[in-house]
Amino acid sequence: MVVLAKGELEQIALPAVQRAAPPLAAVPEVDLARAAGDRAAAARAVAAACEEHGFFKVTGHGVPAPLLARVEDAAAAFFALPQREKEAAAATVAAPGGGPFGYASKRIGGNGDLGWVEYLLLGVTAAGAAPLSASAETSPASSCSFRDLLNEYIAAVRRMTCTVLELMAEGLGLDEKDVFAKLVLDNDSDSMLRVNHYPPRPELKQLGHGRLTGFGEHTDPQIISVLRSNDTSGLEISLRDGSWVSVPSDKNSFFINVGDALQVLTNGRFRSVRHRVMVNSARARVSVIFFGGPPPRERLAPLPGVVGEGGRRRYRDFTWREYKASAYRTKLADNRLCYFESDT
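Since the structure is predicted, the reported quantities are computational estimates derived from the model, not experimental observations. (Residues numbered from 1 in each chain as written. Predicted model: local features only at pLDDT ≥ 70, side-chain atom pairs only at ≥ 80, totals over all residues. Heavy atoms only, no water.)

Right, let's talk about the overall build of the chain for a bit. When its secondary structure is counted, the chain shows 12 helices and 16 strands. In the chain, which comprises 344 residues, the proportion classed as buried is 57%. In the chain, the proportion of contacts linking residues at least 24 apart, taken out of those at least 6 apart, comes to 77%. Carbon and sulfur atoms make up 51% of the accessible area of the chain, which amounts to about 14,600 Å² in all. (Helix = DSSP H or I, 4+ residues; strand = E, 2+ residues; numbered from the N terminus. Buried < 20%, exposed > 50% of the residue type's maximum accessible area, 1.4 Å probe, protein only. Contact = heavy atoms within 4.5 Å. Areas by Shrake-Rupley, 256 points an atom, 1.4 Å probe, with all protein chains shown as cover.)

What describes two packed helices is the angle between their axes and the distance between those same axes. Following both chains from N to C, one finds helix H3 (residues 39-52) and helix H7 (residues 146-171) inclined at 85°, their axes separated by 8 Å at the closest point. The angle between H3 and H7 places the two elements in the roughly perpendicular class. In contact with Arg39, Ala42, Ala43, Val46, Ala47 and Cys50 of H3, H7 contributes Thr163, Val164, Glu166, Leu167, Met168, Glu170 and Gly171. Looking at the contact of H3 with H7 residue by residue, the classes come out as 8 nonpolar, 2 polar and 3 charged. (Axes fitted to C-alpha atoms, helices over the stretch in contact; angles between N-to-C directions. Parallel < 35°, antiparallel > 145°, perpendicular 65-115°, else oblique. Nonpolar A, V, L, I, M, F, W, Y, C, P; charged D, E, K, R; others polar.)

For the rest of this paragraph, the subject is the confidence of the model for the chain. Taken as a whole, the chain shows an average pLDDT of 87; of its residues, 85% reach a score of 70 or greater. The low-confidence segment residues 1-7, where pLDDT is below 50, has 17 contacts with residues more than four positions distant or belonging to other chains. Low confidence marks residues 134-144, where pLDDT is under 50. Its contacts with residues over four positions away, or in another chain, come to 20 contacts. (pLDDT = per-residue confidence, 0-100.)

Turning next to helix H12 (residues 320-327). Turning to H12, its buried residues are Trp320, Tyr323, Lys324, Ser326 and Ala327. Along the axis of H12, the buried positions cluster into a sector of 160°, meaning they face one direction only. On the buried face of H12, the contacting elements are helix H10 (260-265), strand E15 (299-300) and strand E16 (318-319). (Arc of directions from axis to C-beta.)

Side chains that are nonpolar tend, in soluble globular proteins, to be buried together. Grouped together as the largest cluster of nonpolar side chains are 71 residues, with contacts concentrated most on Phe56, Val164, Met168 and Phe180. The biggest single contributor to this core is H7, with 14 residues. Sequence-distant contacts of Val164, that is, excluding residues within four places in its chain, are made with Leu32, Val46, Phe56, Val58, Ile224 and Ile256. Counting residues in each nonpolar core, the second largest holds 26 residues, with Ala25, Ile108, Tyr119 and Ile237 among its members. (Core = buried A, V, L, I, M, F, W, Y, C linked by side-chain atoms within 4.5 Å.)

What follows covers the packing of aromatic side chains. We describe a pair of aromatic rings using the distance from one ring centre to the other and the angle between the two ring planes. Summed over the entire model, instances satisfying the criterion amount to 9 aromatic pairs. With a centroid separation of 4.4 Å and an interplanar angle of 45°, the aromatic rings of Phe318 and Phe340 are classed as tilted. Of this pair, Phe318 sits in strand E16 while Phe340 is found in the segment after H12, placing the two residues 22 residues apart along the sequence. Owing to a relative accessible area of 4%, Phe340 belongs among the buried residues under this scheme. (Phe/Tyr/Trp six-rings, centres within 6.5 Å; stacked < 30°, edge-to-face > 60°.)

Within the secondary structure, Met168 is located in helix H7. The exposure class of Met168 is buried, given its relative accessible area of 0%. Along the backbone, Met168 and Arg44 are 124 residues apart, and their C-alpha atoms lie at a distance of 8.2 Å.

Quick look at the layout of surface pockets now. Computed from the structure, the largest pocket encloses a volume of approximately 920 Å³. If you go around the largest pocket, you meet 46 residues; those closest to its centre are Ile108, Gly109, Leu121, Arg194 and Tyr328. Those elements that provide at least two residues to the lining of the largest pocket are strand E4 (102-108), strand E5 (113-125), strand E7 (191-198), strand E8 (211-218), strand E9 (224-229), strand E13 (275-279), strand E14 (285-292) and H12. Grouping the constituent residues of the lining of the largest pocket by class yields 22 nonpolar, 15 polar and 9 charged. (1 Å grid on protein atoms, 1.4 Å probe; cavity = no way out; pocket = protein on both sides within 12 Å on 5 of 7 lines; lining within 4 Å. Points joined across faces, edges and corners; volume = space filled by probe spheres on them.)

Taken as a whole and judged by the stated rule, the model has 19 salt bridges. Across the pair Arg336 and Asp260 runs a salt bridge whose closest N-O atoms are separated by 3.5 Å. Note that Arg336 is positioned in the segment after H12 and Asp260 in helix H10, a separation of 76 residues in sequence. Asp317 is paired through a salt bridge with Arg313; the nearest N and O atoms lie 2.5 Å apart. Note on Asp317: relative accessible area 34%, which makes it partly exposed. A cluster of three or more residues bridged by salt bridges with shared partners is formed by Glu29, Lys57 and Asp250. (Salt bridge = Lys/Arg side-chain N within 4 Å of Asp/Glu carboxyl O.)

Turning to the environment of Leu235, a few remarks are in order. Looking at the element boundaries, Leu235 is found in strand E10 (residues 235-238). Considering only alpha carbons, one finds Leu235 and Val247, 12 residues apart in sequence, at a separation of 5.6 Å. Those residues in contact with Leu235 that sit more than four places away from it in its chain are Phe55, Val245, Ser246, Val247, His275, Arg276, Val277 and Arg285.

Once that is clear, we can look at unusual backbone geometry. A positive phi angle, close to 70°, is found at Lys106, a residue other than glycine. Among the secondary structure elements, Lys106 is positioned in strand E4.

On to the pairing of strand E3 (residues 55-59), then. Counted residue by residue, E3 has 5 buried out of 5 residues, so it is predominantly covered. On E3, burial covers both faces: Phe55, Lys57 and Thr59 on one face and Phe56 and Val58 on the other are all buried. Direction of pairing for strand E2 (residues 29-31) relative to E3: parallel, over a ladder of 3 bridges. Across the sheet, residue Glu29 finds its bridge partner in E3, namely Lys57. Here 4 bridges tie E3 to strand E12 (residues 254-258), and the two strands are oriented antiparallel to one another. Bridge pairing links Lys57 to Phe255 in E12. (Pairing = 2+ DSSP bridges.)

Have a look at this one:
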């Protein structure tokens, strides 16, 4: 792994530094390998974690360890490319008119948010991820193309994601077990894959200067986020009381975030978790996140099976396209859902 070019990093003022690291989190864990033996118990555990934290860890997920290692190596090789080549790769996947896809560093979105991070953001369709440029296609760590490797990863993670979404529906007692999963599996599903690289900053710890914001606090807009990282810590989540806790690193597991869309569909019963990444390590942090989203046309509203007869709906109807457009106009830390709450 390499650090971004010094000139590139220092063109913009750094985000605020925070000194004290929060305590370690007791992260709920669900073993999918055991779920087949007692599915009802697994569904209850998933629902409880989504209600209390909006966040939990999945083990026994079935995604091959060699595939995870190859993706991590290929991501390291991509971020080690010269800056010009990474930017060229971005140009091949960037949408006309300045869409969010492609490569970027430090600038997160278009509303002034900054972080000590460089990243690759790819749109995901039923066929897989958007292609990269020729210079980024072949990874020194593998004989196959980076894109083919990411597509293999996406296919495996999407299968596991749908298993988790089905357990969520079962935990809520819904009759339609694929009510969430079918949105992510739809041919028009608006899903994404983000590969984040947080360059090391060992001098912060050595000089006692605290921690740097890698990715500022936010919730994810989609239905679900599925994250896997290397063995470097930095992820933190906010609890219901507003306090923050650090998530212990675990490169063998996946971490599940409830997204804003799922909070709406469950009428607030499942909580969209606020999270951030802080940096002060001598080692780089690399994370790969699959964001499972609904089709743009999909109307989002609390499900009748969650609201119950005569119950109050906390959110009004709106399409995913509407919500996404609204989210892109806000800053990371903003509460996006407040604009879609029901008045009745």
